[in-house]
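Remarks on the overall topology
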Amino acid sequence: MNAMIEINDLYVRYGKVNAVNGMSLSIQVGEVFGLLGPNGAGKTSTLACIQGLVRPNGGTVRVAGHDVSREGMAVKALLGVQLQKTALFEELNASELVELFAAIYNVPMSKADVAALLAHFGLSQKATARPTQLSGGQQQRLALALAVVNNPQVVLLDEPGTGLDPQARRGVWTLIRRMQSEGRTVVLTTHSMEEAQELCDRVGIVDGGKLIALDTPQALIARHAPPLPPAEAARRQPNLEDVFLALTGHGLGGTHASQDDESAWLAAVA
Ligand SMILES: Nc1ncnc2c1ncn2[C@@H]1O[C@H](COP(=O)(O)OP(=O)(O)OP(=O)(O)O)[C@@H](O)[C@H]1O
Ligand SMILES: [Mg+2]
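The sections below set out a description of the structure shown in this document. (Residues numbered from 1 in each chain as written. Chains lettered and ligands numbered in written order. Predicted model: local features only at pLDDT ≥ 70, side-chain atom pairs only at ≥ 80, totals over all residues. Heavy atoms only, no water.)

**Section: the state of the cysteines**
For clarity, the cut-off: Our working definition of a disulfide is a cysteine sulfur pair at a distance within 2.5 Å. To sort residues, take the accessible area from a 1.4 Å probe on protein chains only and compare it with the maximum for the residue type: under 20% means buried, over 50% means exposed, and anything in between is partly exposed.
Going through the model one piece at a time under the given rule, you end up with zero disulfides. The closest cysteine sulfur to the non-disulfide-bonded cysteine 49 is located on cysteine 200, 20 Å from its own sulfur. Accessibility expressed as a relative area gives 2% for cysteine 49, which makes it buried.

Here it is as structure tokens:
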């Protein structure tokens with residue numbers, strides 16, 4: 001076993017909220033690993049600890065053997081990141097944004113290198129377009145391109161497929177698979193069972209800040225999905241949604257806590 005990321009007994013608290021509640025997991029070199037869970041499960045908080053953006057209240061995170069809290073700079077040099085919401089300078093076009101990121105990372109890039117990177121992400125026609133002039137799918141592809149400017153060993157992608165139409169989403173999946181074939185380790189978050197099933201070598205199911213299951217999608221389904229009623233079995237295969245329901249007793253709409261908040265809010269506005 002060759003671990004790229006080792007998370008050991010991780011805790012993150014924001015005031016009274018236990019966002020990450022004793023998470024341990026190991027992500028292997030070269031795999032596409034998915035953190036799957038509803039809103040508020042603690043996915044972004046976990047990624048934030050891997051990047052060193054949030055200091056955990058307990059536990060450790062190591063990337064390629066470097067302790068994130070003690071060797072933050074060494075870890076940052078290994079990482080490329082696409083945040084859940086990408087805020088890009090609106091005054092710069094796609095080429096200029098790549099040049100800016102290259103300058104931040106201190107990576108020498110010629111005009112030809114910039115053009116080649118944009119072409120790799122299907123953005124040759126959009127080199128002079130600003131982010132506001134790009135479609136959602138194109139913006140997401142630009143965010144992925146910017147995440148690999150520093151040729152990182154590990155790419156952290158926070159909901160790369162969210163908000164995209166099915167075709168754009170498949171385009172993003174192709175780019176993520178390509179990142180893997182280039183030898184990178186990819187850690188992504190998603191609410192989408194389909195995305196996790198299609199894209200990830202292994203999936204960690206997160207709920208209420210805890211990892212409640214971890215395996216390949218096929219193994220999770222084989223072990224946890226209950227048998228489908230005959231009428232349903234005739235129409236579809238068991239999937240990760242069935243696994244999630246079986247393990248948590250609720251769907252992907254939210255954790256218990258946020259569902260309670262949601263019902264209270266709905267009652268208040270009714
Ligand atoms: N900066 C913060 N301050 C206070 N609470 C926070 C902060 N960031 C996250 N939280 C809370 O921590 C919990 C976990 O949030 P997190 O963003 O990690 O979830 P997530 O799984 O990424 O959810 P989503 O799918 O909605 O992005 C939530 O209850 C959230 O409200
Ligand atoms: Mg999130």
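**Points about the site of ligand 1**
As a reminder of what qualifies: Each residue is tested against the molecule or strand, and it is near if at least one of its non-hydrogen atoms lies within 4 Å. Here a polar contact is taken to be a pair of N or O atoms separated by no more than 3.5 Å, where protein atoms must pair a possible hydrogen donor with a possible acceptor and residues adjacent in sequence count only if both atoms sit in side chains. In these tables, accessible area is a Shrake-Rupley quantity obtained with a 1.4 Å probe, and a residue counts as shielded only by the protein chains included in the view. Here a strand is any run of E in DSSP of at least two residues, a helix any run of H or I of at least four, and the numbering for each starts at the N terminus.
Around ligand 1 sit 14 residues in total, of which Asn39, Gly40, Lys43, Ser45 and His191 are the nearest. One nitrogen or oxygen atom from the side chain of threonine 44 is found 2.8 Å from an oxygen atom belonging to ligand 1. Taking histidine 191, its side chain carries an N or O atom lying 2.7 Å from an oxygen atom of ligand 1. For ligand 1, the protein covers 62% of the area, taking 630 Å² as the surface of the free molecule. Of all the secondary-structure elements, those providing two or more residues to the shell around ligand 1 are strand E2 (17-28) and helix H1 (43-51). The greatest single-element share of the shell around ligand 1, amounting to three residues, is contributed by H1.

**Notes on the pairing of strand E4 (residues 58-63)**
Note the cut-off: We call two strands paired when DSSP finds no fewer than two bridges between them.
Sheet analysis places strand E1 (residues 3-14) next to E4, joined by five bridges and oriented antiparallel. Along E4, the bridge assignment pairs isoleucine 7 with valine 61. Direction of pairing for E4 relative to strand E5 (residues 66-67): antiparallel, over a ladder of two bridges. For arginine 62, the partnering residue across the bridge sits in E5 and is aspartate 67. In sequence, E4 turns back onto E5 through a hairpin of two residues, with alanine 64 there showing a positive phi of about 50°.

**So, helix H6 (residues 166-181)**
What counts, and what does not: One fewer than the residue count of a helix, multiplied by 1.5 Å, yields its expected span. Each direction from the helix axis to a C-beta atom contributes to the arc, which is the arc of those directions.
Between its first and last C-alpha atoms H6 spans 23 Å; for 16 residues at 1.5 Å apiece the expected length is 22 Å, and the two agree. Looking only at H6, the buried set comprises Arg169, Val172, Trp173, Leu175, Ile176 and Met179. The buried residues of H6 occupy an angular sector of 160° when the element is viewed end-on, so they sit on one face. Exposed and oriented more than 90 degrees from the buried face of H6 are Pro166, Gln167 and Ser181. Positive backbone phi, at 95°, marks glycine 183, one or two positions downstream of H6.

**Digging into the environment of glycine 136**
Here glycine 136 lies in helix H5 (residues 136-147). The sequence separation of glycine 136 and leucine 164 amounts to 28 residues, and the corresponding C-alpha distance is 6.5 Å.

**A few points about the sheet that holds E2**
The strands making up a sheet associate through backbone hydrogen bonding, with each pair oriented either parallel or antiparallel. Taken in spatial order, the four strands line up as E2-E1-E4-E5 in an open sheet, and their pairing is antiparallel. Each edge of the open sheet is held by one strand with a lone partner, namely E2 and E5. Where E1 meets E2, nine bridges bridge the pair, whose relative direction is antiparallel. Paired with alanine 3 across the strands is glutamine 28, a residue of E2.

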